[in-house]
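# Notes for the structure review
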Amino acid sequence: MSPRPQSPETVLARLAGADERQDRLTHTEHMPARTGRYAPWPAAIREEVVAGAFSNGVRQLWAHQAEAMDLALSEKNAVIATGTASGKSLAYLAPVLSALLDGMEAPNGRGATALYLAPTKALAADQLRRVKELDTGVRAAVYDGDTPFEEREWVRQYAAYVLTNPDMLHRGILPAHPRWATLLRTLRYVVVDECHTYRGVFGSHVAQVLRRLRRLCARYGADPVFLLASATVAEPAASAGRLTGLPVAEVTEDHSPHGEMVFALWEPPLTEMVGEQGAPVRRSAVAETAELLGELAGGGTRTVAFVRSRRGAELVSILAQDRLSDRGGPAGRIAAYRGGYLADERRALERALQSGRLLGLASTSALELGIDVSGLDAVLLAGYPGTRASLWQQAGRAGRAGQGALAVLVARDDPLDTYLVHHPDALFRRPVESTVLDPDNPHVLAPHLCAAAAELPLGESDFELFGPSAEPAVAQLERRGMLRRRPSGWFWTRRERPADAIDIRGSGGAPVKIVEADTGRLLGTVDAEAAHTAVHQGAVHLHQGRTFLVRELDLDEAVALVEEADPPYSTNARDTTAIAVLSTDREVAWGDARLCFGSVEVTNQVVSYLRRRLITGEILGESKLDLPPRTLRTRAVWWTVTDDQLAEGGVEPADLPGAAHAAEHASIGLLPLFATCDRWDIGGVSVPLHPDTGLPTVFVYDGQSGGAGFAERAFDRAAEWLSATRAAIDACECDKGCPSCVQSPKCGNANDPLDKAAAVRLLDILLAGAPGGAPKSAP
């Protein structure tokens, strides 16, 4: 019999009470336990479903579950946006399975079908497990890249509940719709799980995939109801409506009970090391999280640590194993989990975590939406995950069996993380952000119109479905010879399938394979757009606790050859960036300053990489690289000030480059508070005299072709965003600028020049003309 878990307060006191950690806890938020409110089962839910739920311990429904079921049964599109572990799955599964059971009474046994879409394979596999546990007799099957080819025909012909992902819907089902005609003709429900993850360019692509699905369903005489589930986000009905193109009702009040949660904000200490430009260096969140994970696992506290990068997850796992070994524990009870692993590796780790054989797991966000992990005692977050929706999704992985839970956010040496651990209201008192996506992005819309035309000729009646930009986009595609108009509509003109050329996850091309040079073994993959920075020649690559050095990156063959090694350092790529204004779509005057939004062309080139000592981050050296430049046409927000304003505000010409550069870095760091983005989704450039504006200019741009909606959200909330930026810089305790305020880990110029004090004066100049005289403190 396992020992009774300690209370989260006791566990936190043990972590924070150690002599060397006395000052690292900056805030503790206590969230009391909550009792639930029940509601009866809707009469239309089949007895088999109720019995299946009862056999799995569900005696009564929570009120929000019954509300969502009533909406689904009345054939209304609905999104249920309640907390983690609030029973969202049953809320949509009960009406879906009831409809499918009704359909089984048809002569062919398939009078009704349903489609389930998940952003990850693990989540679809977990959904199948839940369906099987209900034991209703509904034929359900997963259809994804891991499904054996001999099983795929059975799924097409016989499965009533098909569980897949947007990628397979886009490339495997819609282009082959005649083979899926029996499913599409009887499609009653489409479930879109974890819909808040569909943001930016990925979300924009998925929005167009769903419009293509709706179009083909109409062709076969079906009009399915869309049921969406999400972590708590702002304006869920509006977000779900943008995604589906349909009116959507929302269920937002959570009536499920939950155990006590203790949420701690934790700031690693400053080290004796000196970083770039002499700035103080704080201990890395990776090292701090690894220490905490090892200690928690050593004390029998089952813990998942969420880490921002694949390499970071591997490193946390290695360091935590070492710490557990030092405590006399078995290192094998801690492991890493991340995207890029082969399917068999992922499944084995999932089983080990579910069974309790693993006490600790260092994971990327691949596990955030993955399997239903019950019995976890604690969650560590190695850095703010980019959005508050993800923060609560990750924190909610602990305490899922109803017991108390501990969550600890360990701040990175980063402006946003530092701001949050010292401004807890920004996490615990403000509403979560809205999902940002732009289905009208021409780089997204045009290829999906081609895919739609290949599936079924486009007609003028389709323009309303695909949005106001569809008609001019079709005209342009016709002029380019990609579509041809005939009396029955616009046809795709080429032999190849257009869907095969669309990467809906925006990775910019085929993934780069990571291959062990001596054996030829495939270790995993990395997105094409990340290859220049992640697997360049000389890069350190971690996989399952082993360390490799990249011997060669062949971009033509999309292969990185690696060899096992044991370097005492990590690597960070450096790049240079230039930007040109293509068009200005929106512009407002802030006094003599100008705030603009429009299209830009960004030219980026990785030119070198730094070697940093493990744990301390000390720079050991820099090596040059010879990689080709990459060009990106995207959307940006930018602002300018005049020379007269600079003179009046006390920013000297010699101070301007460092002031603009520092303001750019800090504004990128703070933007995730106002848009559902991560700082790695966006980029920036600052120029003392830009040739297109003729003035000092700071740009912040979307890191995806055609834009992702983040820069436009920044334009819309510029006064709040830039006021928070100014406050974060001014409040930092350093003298001249550090990673907690104005230094950036992405900077291609080695964070030189930077002028913290001049950046505050520059932002004061800009904000003086903002609407209402923007405040000099954060919102």
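Anyway, here's the lowdown on the structure attached to this text. (Residues numbered from 1 in each chain as written. Predicted model: local features only at pLDDT ≥ 70, side-chain atom pairs only at ≥ 80, totals over all residues. Heavy atoms only, no water.)

### Details of the overall build of the protein
Heads up, the rule is: Secondary structure elements are taken from DSSP: a helix is a run of H or I of four residues or more, a strand is a run of E of two residues or more, and numbering for both begins at the N terminus. All radius of gyration figures rest on C-alpha atoms, and the globule criterion is 2.2 Å times the number of residues raised to 0.38. Each residue is placed in one exposure class: buried if its accessible area under a 1.4 Å probe, protein chains only, is under 20% of its type's maximum, exposed if it is over 50%, and partly exposed if it falls in between.
Tallying secondary structure elements over the protein gives 25 helices and 31 strands in all. For the protein, the C-alpha radius of gyration of 26 Å lies close to 28 Å, the compact-globule estimate for 779 residues. Each of the three principal axes of the protein carries a C-alpha extent, and together these read 80 × 75 × 60 Å. Residues classed as buried in the protein amount to 58% of the 779 residues present.

### Things to note about the packing of aromatic side chains
How two aromatic rings sit relative to each other is given by the distance of their centres and the angle of their planes. Keep this limit in mind: Each pair of aromatic rings taken from Phe, Tyr and Trp, with Trp reduced to its six-membered ring, is defined by centres within 6.5 Å and is described as stacked if the planes are under 30 degrees apart, edge-to-face if over 60, and tilted in the remaining cases. Should the NZ of a Lys or the CZ of an Arg lie within 6 Å of a ring centre and within 35 degrees of the ring normal, that charge is described as sitting over the ring.
Counted by the stated rule, this structure contains 12 aromatic pairs. The interplanar angle of 25° and the centroid separation of 4.8 Å between the aromatic rings of tyrosine 38 and tryptophan 62 together place this pair among those described as stacked. Taken together, the residues tyrosine 38 in strand β2 (residues 38-39) and tryptophan 62 in strand β3 (residues 61-62) connect sequence positions 24 residues apart. For tryptophan 62, a relative accessible area of 18% puts it in the buried group. Ring geometry for tyrosine 92 against tyrosine 116: centres 6.4 Å apart, planes inclined by 35°, an arrangement best described as tilted. Here tyrosine 92 is found in helix α4 (residues 88-103), whereas its partner tyrosine 116 is found in strand β5 (residues 113-117), with 24 residues between them in sequence. In this structure, tyrosine 92 and tyrosine 116 share a single accessibility class: buried. Among the aromatic residues, ring-to-ring pairing joins Tyr92, Tyr116 and Tyr161 into one connected group. The ring of tyrosine 143 is capped by arginine 152, whose NZ or CZ atom sits 5.5 Å from the centre of that ring.

### A look at the pairing of strand β17 (residues 378-382)
Just so we agree on the cut-off: The pairing criterion is simple: DSSP has to find at least two bridges between the two strands.
By the criterion of burial, β17 is predominantly enclosed, with five of the five residues buried. Across the two faces of β17 the burial is the same, with Ala378, Leu380 and Ala382 and Val379 and Leu381 all buried. Both strand β14 (residues 303-307) and β17 contribute to a ladder of five bridges, which runs parallel. Note that in β17 the partner of valine 304 across the bridge is valine 379. Where β17 meets strand β18 (residues 405-410), five bridges bridge the pair, whose relative direction is parallel. Counted as the bridge partner of leucine 381 is leucine 409 from β18.

### Regarding the sheet that holds strand β6 (residues 140-142)
Strand pairing in a sheet relies on backbone hydrogen bonds, with the paired strands running either antiparallel or parallel. What counts here: Between N-to-C directions, angles span 0 to 180 degrees; the directions come from axes that are lines fitted to C-alpha atoms, helices contributing only their stretch in contact. Should any heavy atoms of two residues lie within 4.5 Å, those residues are considered in contact.
Read from one edge to the other, the open sheet built from seven strands follows the order β6-β7-β5-β8-β9-β4-β10, with strand pairing classed as parallel. With partners counted over all chains shown, the strands left at the sheet margins are β6 and β10 (249-251), one partner each. Put simply, the sheet's adjacent strands are angled 15° from each other on average, direction ignored. The sheet contact formed by β5 and strand β8 (residues 187-192) spans five bridges and is parallel. Bridged to tyrosine 116 within β8 is valine 191. Together, β4 (78-81), β8, β9 (225-230) and β10 form the strand contacts of helix α3 (residues 63-73), whose direction differs from that of β10 by roughly 160°. Here helix α7 (residues 166-173) sits on the sheet and contacts β5 and β7 (161-164); the angle it forms with β5, its principal contact strand, is near 120°.

### Concerning helix α24 (residues 718-731)
Think of an α-helix as turning once every 3.6 residues; residues three or four places apart then point the same way. Quick note on the threshold: For a helix, the expected span equals 1.5 Å multiplied by the number of residues minus one.
Over its 14 residues, α24 runs 20 Å from end to end, which matches the ideal 20 Å to within 8%, given 1.5 Å per residue. For α24, the tally of buried residues reaches 10 of 14 residues, placing the bulk of the element in the interior. Residues Ala718, Trp721, Leu722, Ser723, Ala724, Thr725, Arg726, Ala727, Ala728 and Ile729 constitute the buried set of α24.

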